[in-house]
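Structural overview
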Amino acid sequence: GMAPQSGAAAGSAGIGAPQDLGAAERFADSRLEACRQLVATACTLVDALSTAGSGLQHAAKTQGSELQAWLSKENSPLVRQSAQEMIESCSGAASVLINLAVAISGSIEQPLRRLERSVAADRAARIAEMDELRRRQ
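So, a few notes on the structure that sits alongside this text. (Residues numbered from 1 in each chain as written. Predicted model: local features only at pLDDT ≥ 70, side-chain atom pairs only at ≥ 80, totals over all residues. Heavy atoms only, no water.)

1. Observations regarding the pattern of salt bridges
Within the structure shown, the criterion is met by eight salt bridges. Taking the shortest distance from any N to any O, the salt bridge between Asp29 and Arg123 comes out at 2.4 Å. On the criterion of sequence distance, the pair formed by Asp29 in helix 2 (residues 18–71) and Arg123 in helix 3 (residues 77–136) is long-range, its members being 94 residues apart. Look at Asp29 and you get partly exposed, because its relative accessible area is 35%. For Arg123, a relative accessible area of 25% puts it in the partly exposed group. With a closest N to O distance of 3.3 Å, Asp131 and Arg134 form a salt bridge. On the criterion of helical spacing, the pair formed by Asp131 and Arg134 is a turn pair, its members being three residues apart in helix 3. (Salt bridge = Lys/Arg side-chain N within 4 Å of Asp/Glu carboxyl O. Helix = DSSP H or I, 4+ residues; strand = E, 2+ residues; numbered from the N terminus. Buried < 20%, exposed > 50% of the residue type's maximum accessible area, 1.4 Å probe, protein only.)

Structure follows, in structure tokens:
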């Protein structure tokens, strides 16, 4: 069978020794801060993409309407076609930006938020455990 661990080996693996408590707290705080930074970055990306997509969508719609009114007086089929393709391209790019924001939110931001909650819960449990260990000493 397996030999039992010596007291020194067991203590180095856990947080039982008093000098390990501070290090464990700092580690938990560091993990939580890293999660918060990742969530903040993902949120910033989602917001930037959403804003850009919405702005481009709005501009394509309003400018497209104005352009259509102007183009109704234009005799050149090539100019009308080019203008129409430009507006459609901008609308398509706007949709891509908005869809990318949705994808990042669903596949990156939301899982990071769940990870952050999990790390925060783990940290709270570790702090409670460390508080109990301190009371026993």
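2. Focus on the environment of Val79
Along the chain, the position of Val79 falls in helix 3. Residue class for Val79 comes out partly exposed when judged on its relative accessible area of 32%. Filtering out sequence-adjacent residues up to four positions away, Val79 remains in contact with Trp70, Leu71 and Glu74. (Contact = heavy atoms within 4.5 Å.)

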